[in-house]
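# Examination of the molecular architecture
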Amino acid sequence: MKSILKLLLLILLSNKMQSQSKVFSIEEAQKMGISIEKLDLEYKSAVHVDSTKAVFKTETQQQKLQESYTKLLQDFGSFLNKNNFKWEIKTKCFQRIYFAPNGKIDYFIYNFKLKSVLPENLISEEKQKEFQRLLELFVKDYTFSSTAAEPFAQCSPTSYQ
């Protein structure tokens, strides 16, 4: 009987962990104890100046990665549009995305509060919550079209409009 209870508890905890958000603002990630520095040790850079430190080493692999990343951003933009999410102004964001080898998104960490952005151009808290809600829905079912033999990370500044 105890082993059945332990098994049920393990299944419940596993489901709870799998359903937890993978999407965080940089501030939320820090509050939750999610360290970008630690993630960067677990997830190798997709591309790097030193190809020995990159997951995608060849020019062909890097081109496919770029195409996959562009598609991801376009797919997310289309998803926002379909869900009637509109930006009032051009909005700059920095994002760091951590991928499982199979292309599933493990973490999507973003930051709207860039030093170069004027305070009057920051998005409202309400808008950011809706962005995060939609991003969580998008990430849940999205599979990146580039895969690898190991976990990898890709980052970039992005302008949403």
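The structure this text deals with has already been given above.
Residues numbered from 1 in each chain as written. Predicted model: local features only at pLDDT ≥ 70, side-chain atom pairs only at ≥ 80, totals over all residues. Heavy atoms only, no water.

## Details of the overall build of the protein chain
Broken down by element type, the protein chain carries 5 helices and 5 strands. Each of the 161 residues in the protein chain was classed as buried or not, and the buried ones make up 34%. In the protein chain, the share of contacts with a sequence separation of at least 24, taken over all contacts with a separation of at least 6, comes to 73%. (Helix = DSSP H or I, 4+ residues; strand = E, 2+ residues; numbered from the N terminus. Buried < 20%, exposed > 50% of the residue type's maximum accessible area, 1.4 Å probe, protein only. Contact = heavy atoms within 4.5 Å.)

## Details of the side chain of K127
Checked against the element boundaries, K127 lands in helix α5 (residues 125–141). The exposure class assigned to K127 is buried, which follows from its relative accessible area of 14%. For K127, the contacting residues outside a window of four places in its chain are F85, K86, W87 and E88.

## Considerations on helix α4 (residues 59–82)
The end-to-end C-alpha separation of α4 is 34 Å, in line with the 34 Å expected for 24 residues at 1.5 Å each. Buried within α4 are the following residues: L65, S68, Y69, L72, F76 and L80. Packed against the buried residues of α4 are β3 (91–99), β4 (105–111), α5 and β5 (152–160). Phi turns positive one or two residues past the end of α4, at N84, with a value near 55°. (Expected span 1.5 Å × (residues − 1).)

## So, the sheet that holds strand β1 (residues 23–25)
Overall, mixed pairing links the 5 strands, which are arranged β1-β4-β3-β5-β2 in an open sheet. Here the strands that pair on one side only, and so sit at the sheet edges, are β1 and β2 (44–45). Alignment of β3 against β5, held across 9 bridges, turns out to be antiparallel. Its bridge partner lying in β5, Q95 is registered against S156. Those strands touched by α4 are β3, β4 and β5, and its axis lies near 50° from that of β5. (Pairing = 2+ DSSP bridges. Axes fitted to C-alpha atoms, helices over the stretch in contact; angles between N-to-C directions.)

## Some words on the packing of aromatic side chains
Considering all chains together, one arrives at 20 aromatic pairs under this definition. When the centroid spacing of 5.3 Å and the interplanar angle of 20° are considered together, the rings of W87 and Y160 count as stacked. In this pair, W87 is assigned in the loop between α4 and β3 and Y160 in strand β5, connecting sequence segments 73 residues apart. The pair formed by W87 and Y160 is uniform in burial state, with each residue classed as buried. Three or more aromatic residues link up through ring pairs in this structure, and these residues are F76, F79, F85, W87, Y110, F112, F131, F138, Y142 and Y160. Of note, K127 hangs over the ring of F85, and the distance from its end group to the ring centre comes to 4.4 Å. (Phe/Tyr/Trp six-rings, centres within 6.5 Å; stacked < 30°, edge-to-face > 60°. Lys NZ or Arg CZ within 6 Å of the ring centre and 35° of its normal.)

## Some remarks on α5
With 17 residues, α5 extends 25 Å from end C-alpha to end C-alpha; this agrees with the ideal 24 Å at 1.5 Å per step. Within α5, the full set of buried residues consists of K127, Q128, F131, Q132, L134, L135, F138 and V139. On the buried face of α5, the contacting elements are β1, α2 (26–31), α4, β4 and β5.

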